[in-house]
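As a plain string of letters, each chain reads:
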Amino acid sequence: MTPEYIVQLGQDTLMLVLYVAGPTLVVALVVGLAVSIFQAVTQVHEMTLTFIPKIVAVAMIVSIMLPWTIRRMVDFTANLFYSIPTLIG
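Remember, it's a predicted structure, so these values are computed and weren't measured experimentally. (Residues numbered from 1 in each chain as written. Predicted model: local features only at pLDDT ≥ 70, side-chain atom pairs only at ≥ 80, totals over all residues. Heavy atoms only, no water.)

**Brief notes about the overall build of the chain**
(1) Moving on: Check the secondary structure of the chain and you find three helices and zero strands.
(2) Moving on: Listed by position from the N terminus, the elements making up the chain come as α-α-α.
(3) Moving on: Its C-alpha atoms give the chain a radius of gyration of 19 Å, clearly above 12 Å, the size a compact globule of 89 residues would have.
(4) Moving on: The burial tally for the chain puts 11% of its 89 residues in the buried class.
(5) Moving on: Counting only contacts in the chain whose residues sit at least 6 apart along the sequence, the fraction spanning at least 24 positions is 69%. (Helix = DSSP H or I, 4+ residues; strand = E, 2+ residues; numbered from the N terminus. Rg over C-alpha atoms; globule rule 2.2 N^0.38 Å. Buried < 20%, exposed > 50% of the residue type's maximum accessible area, 1.4 Å probe, protein only. Contact = heavy atoms within 4.5 Å.)

**Details of helix α1 (residues 3–42)**
Within an α-helix, residues lying three or four positions from one another point in the same direction, as the helix has 3.6 residues per turn.
(1) Moving on: Here α1 contains 40 residues, and its C-alpha end-to-end distance of 56 Å stays within 8% of the 58 Å for a straight helix at 1.5 Å per residue.
(2) Moving on: Of all the bends in α1, the greatest, near 40°, is centred on A21, and the proline P23 appears no more than four residues after it.
(3) Moving on: Of the surrounding elements, those touching the buried residues of α1 are α2 (47–82).
(4) Moving on: Two residues or fewer after α1 comes Q43, characterised by a positive phi angle close to 55°. (Expected span 1.5 Å × (residues − 1). Bend = angle between axes of the 7 residues up to and from the residue.)

**Some words on the environment of T2**
(1) Moving on: Looking at the element boundaries, T2 is found in the segment before α1.
(2) Moving on: Of the residues examined, T2 reaches a relative accessible area of 40% and is grouped as partly exposed.

Right under this line is the structure:
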C-alpha cells in the first residue's frame, strides 16, 4: 500500500461524498434561501415554514437520485474490494 494509493483513495472518497451529498445540499440551500426571501418580503415568521418546504424538497431529491446514488456507492465499494488483492502483494 503506497502513499500515492492512499491519497488517490482519499480523493476518490471525497469526490464520491461530494457527488452523493452535493445535490441534496444544494436543493436544501436553494429552498431555504427562497423561504427566507419569502419570509422577509411578507414578514411572516412562522417556524414551520422554514422546515416543511426543505424536508419536502430534500425527500423529493433523495427519492429521485436514490438509484444513481446507490449505483455510485456500490461501484465504489466493488472497486475497493477488487483492489484488496493488489494491496497485499
